[in-house]
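# Residue-level structure breakdown
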Amino acid sequence: MSVLVWIEQYKGHVPNVSWEVLGKAKEFAGALDGTLAAVVAGDNVAAVAQEAFAYGADKVYAYESAELADFRVEPYAKVVSDAAKTAGATIVLAGGTTRGRDLAAYVATLNGWGIAPDATGLSLVDGKLVARREVYTGNILADVTFHSDVQVASVRGRSFSLPEKDGGKQGELISGDAAVAEGAAKSVVEGVSEKESGEVSLTDANIVVSGGRGVKGPEGFAPIRELAAVLGAAVGASRAAVDAGWIPYDHQVGQTGKTVRPDLYIANGISGAIQHLAGMGSSKVIVAINKDPDAPIFQVANYGIVGDLFTYVPALTAELKKRG
Amino acid sequence: MKYIVCVTQSPDTAELPKVTVDQAESGNQGLELITNPWDEYAIEEGLRLKEKQGGSVLAITVGPAGTEGALKSAVAMGVPKGVRVWDDAFAGSDALAIGRILAAAVRKEGDYDVVLTGKTTVDGNGALVPVALASALGAALLSQVAKIVAIGDGKITVERLVEEGREKVTADLPVVIAPVKEINEPRYASFMGIRKASRAKFDVWDAAALGINAGSVGAAGAKVAWGNLSKPPAREGSVVLMEGETVEEKVTKLVDALMAEKVI
Ligand SMILES: Cc1cc2nc3c(=O)[nH]c(=O)nc-3n(C[C@H](O)[C@H](O)[C@H](O)COP(=O)(O)OP(=O)(O)OC[C@H]3O[C@@H](n4cnc5c(N)ncnc54)[C@H](O)[C@@H]3O)c2cc1C
Ligand SMILES: Nc1ncnc2c1ncn2[C@@H]1O[C@H](COP(=O)(O)O)[C@@H](O)[C@H]1O
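We now turn to the structure provided with this report. (Residues numbered from 1 in each chain as written. Chains lettered and ligands numbered in written order. Predicted model: local features only at pLDDT ≥ 70, side-chain atom pairs only at ≥ 80, totals over all residues. Heavy atoms only, no water.)

Bringing the overall build of chain B into the picture now. Looking only at helices and strands, chain B has nine helices and 13 strands in total. The principal-axis extents of the C-alpha atoms in chain B amount to approximately 70 × 45 × 40 Å. Burial status across chain B gives 53% buried among its 264 residues. A total of about 11,300 Å² of accessible surface is found on chain B, and carbon and sulfur atoms cover 51% of it. Distance between charge centres in chain B, computed from 29 positive and 35 negative side chains, equals 7 Å. (Helix = DSSP H or I, 4+ residues; strand = E, 2+ residues; numbered from the N terminus. Buried < 20%, exposed > 50% of the residue type's maximum accessible area, 1.4 Å probe, protein only. Areas by Shrake-Rupley, 256 points an atom, 1.4 Å probe, with all protein chains shown as cover. Lys, Arg positive; Asp, Glu negative; His and termini not counted. Charge placed at Lys NZ, Arg CZ, Asp CG, Glu CD.)

What follows is the structure, given as structure tokens:
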């Protein structure tokens, strides 16, 4: 019996959520007296496999071929299914990234297994997986239980803490049969126009600094970005700012944007509409800077400053710089 | 070319915070339902494809009598025809089964080129149906599509939003596309469209018409169950507003508070 985790990689870089999930899976493998297995696919995954051992995997199933170089959901679902069967997995987990959510659902559908998408909590009850989910856009919590022998879940980033890394740890490297994926791909990746390097990903960020209609224009994001830079934070935005064309859509936080749950969310010139709260309401600490003392954002904020963001955001940046 | 849009109803987004555990448990009973907001982008894109490339658009929903609302929105926006798919055997289906039922309906319609779905439903938040649908059809799954770059000669090229940036992908038709909001600005229903929708009658396809084995879907075929529903805990306490004589004093207090919270 084993617990299997898909380790996502893009050009050899693994998103933190894969390790967070591996850390949680280690607890389950322990409780079930089973093996902690990881599966990696790509055209050159040796380094990622080593990293998986360092983060706690006992076994790594590595599938390597030119066809697996780019993530496509169909061939990846084949190799993850193959690994799950070879490893005798009863629990199969993936990070809830764009790719991970598609992949976990595809694996479930290929094999007739139950799936809990975008879980924010996982536990074992009588040896069976129970996945906690946010439904109704964060307004209801539900526990998903499974009627299938194999239980699949994708897990939202930052639901679990990053496990300790032990660089000396070794494990059993098993080379998977990449031929199971042959001919499965239904698309060709022509290329990725990557974001500027150094830009912190919203869903991974410990801190998010956001701007709304109150920033008044594309230039208004300059002080927001400066504050984000001193904090090592990601830049977020309300839909109003995105729809106005001041910042690209992939910065949008909320019901029709991204869901974030950083340790600190700083909302600047954002009123706090429920659709915005849907994307950031479970942040640990929320700070609001807003001219209007009656703005609904103050009902969810822990700390607030009533005032002009063009005064307070630069002052905050300066204070943080002063403290180093 | 033939385009198919899959649409469903969901609670009004403004009402979501008020949804009770009982309403969620009962499958939205007593709630005001609207067309799932994400499905409007799918409808709009289907209409744009038809307007640019020619061909037909069909809207499909899976749901019992009384759930025609999303089909009506599609008609009001300009989709000529809608079909409701239902059989009592479908009650209690999980998302993967809904995907298989939709796949059977799409196959019955015949040579389709593009199936569009919403990115997710705002109540279930699963984003599973497009995956199950694509898998059951054996068609390429293109999720998070921000732009259709080109379509023709049996191929489609799109831009998808992935964590690292924008991914350009080409696939052979047919495909299943789940767009993100950036793809378009859904049109408003026209006056004529609304009149047409109010009179529209929709064909109903049942399990027999689709050749679906009743045991494979519905409550009996479900692989997961939702239980133990609850409202998330309310955020504790009330906001602490920074007071002070000067700007510097207020931001200093804020930084102190955030350091005490250990979040910076
Ligand atoms: C189906 C649907 C989905 C939606 N999805 C999303 C979503 O994903 N994300 C999202 O954010 N919204 C979403 N919305 C929109 C949402 O309802 C709000 O319209 C939007 O969040 C408002 O953005 P805002 O707070 O920036 O603007 P406003 O509500 O206009 O608020 C601007 C705020 O800035 C303050 N302000 C102005 N000038 C200053 C200044 N100089 N200094 C300090 N404060 C200042 C004002 O007091 C005000 O509180 C959705 C709506 C619908 C119907
Ligand atoms: N009952 C249904 N009938 C038709 N389409 C549906 C149905 N349920 C979901 N869909 C489609 O699948 C998308 C994603 O749904 P979900 O997987 O439930 O988040 C929706 O936006 C719809 O386009």
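On to the nonpolar core, then. Burial of nonpolar side chains together is a common tendency in soluble globular proteins. Ranked by size, the top nonpolar core spans 85 residues in total, and within it A:Val209, A:Phe221, B:Val114, B:Leu142, B:Ile156, B:Val175 and B:Ile177 carry the most contacts. Per-domain counts for this core show at least three residues from each of domain 1 (2-181) and domain 2 (207-322) of chain A. Those residues in contact with B:Ile156 that lie beyond four places of it in its chain are B:Val114, B:Leu142, B:Ile148, B:Ala150, B:Ile151, B:Val169, B:Thr170, B:Ala171, B:Leu173, B:Val175 and B:Ile177. If you look at the next biggest cluster of nonpolar residues, it comprises 65 residues, including A:Ala41, A:Ala77, A:Ala87 and A:Ala178. (Core = buried A, V, L, I, M, F, W, Y, C linked by side-chain atoms within 4.5 Å. Domains from an automatic or database assignment. Contact = heavy atoms within 4.5 Å.)

Summed over the entire model, instances satisfying the criterion amount to six aromatic pairs over all chains. These aromatic residues form a ring-pair network of at least three members: A:Trp6, A:Phe71 and A:Tyr76. Residue placement shows B:Lys108 over the ring face of B:Trp205; its charged tip is 4.8 Å from the ring centre. (Phe/Tyr/Trp six-rings, centres within 6.5 Å; stacked < 30°, edge-to-face > 60°. Lys NZ or Arg CZ within 6 Å of the ring centre and 35° of its normal.)

With that settled, the discussion passes to the packing of helix 4 (residues 95-109) of chain B against helix 5 (residues 129-137) of chain B. Residues and elements named next belong to chain B. Close contact between helix 4 and helix 5 brings their axes to 7 Å; oriented N to C, the two are set at 50°. Taken together, the axis directions place helix 4 and helix 5 in an arrangement best described as oblique. When you trace helix 4 past helix 5, the crossing you get is right-handed. Seen from helix 4, the contacting residues are Ala95, Leu96, Ile98, Gly99, Arg100, Leu102, Ala103, Val106 and Arg107; seen from helix 5, they are Val129, Ala132, Leu133, Ala136 and Leu137. Residues that form the contact of helix 4 with helix 5 fall into these classes: 11 nonpolar, one polar and two charged. (Axes fitted to C-alpha atoms, helices over the stretch in contact; angles between N-to-C directions. Parallel < 35°, antiparallel > 145°, perpendicular 65-115°, else oblique. Left-handed = near helix turned anticlockwise from the far one by under 90°. Nonpolar A, V, L, I, M, F, W, Y, C, P; charged D, E, K, R; others polar.)

With parallel pairing, the six strands of this open sheet are ordered in space as 13(A)-12(A)-14(A)-15(A)-16(A)-13(B). The sheet is open, and its two edges are formed by strand 13 (234-237) of chain A together with strand 13 (240-241) of chain B, each paired on a single side. Inspection of the sheet shows strand 12 (residues 207-211) of chain A paired to strand 14 (residues 264-268) of chain A by five bridges, in the parallel sense. In the sheet register, A:Val208 faces strand 14 of chain A, and the bridge partner there is A:Tyr265. Relative to strand 16 (residues 303-306) of chain A, helix 9 (residues 247-260) of chain B is tilted by about 170°, and along the sheet it contacts strand 14, strand 15 (285-290) and strand 16 of chain A. (Pairing = 2+ DSSP bridges.)

Residue and element names in this part refer to chain B. Contacts to ligand 2 come from 19 residues, most closely from Cys6, Asp39, Gly118, Leu128 and Val129. One of the backbone N or O atoms of Val7 is found 3.5 Å from a nitrogen atom in ligand 2. Measuring from an oxygen atom of ligand 2, one finds a backbone N or O atom of Thr121 at 2.9 Å. Protein burial of ligand 2: of its 480 Å² of free accessible surface, 93% is covered by the chains. No other element matches the three residues that strand 4 (residues 56-62) contributes to the shell around ligand 2. Class assignment of the residues belonging to the shell around ligand 2 gives a composition of 10 nonpolar, eight polar and one charged. (Near = heavy atom within 4 Å. Polar contact = N/O pair within 3.5 Å; in protein donor to acceptor, adjacent residues only side chain to side chain.)

Nothing here speaks to function; it is all geometry.
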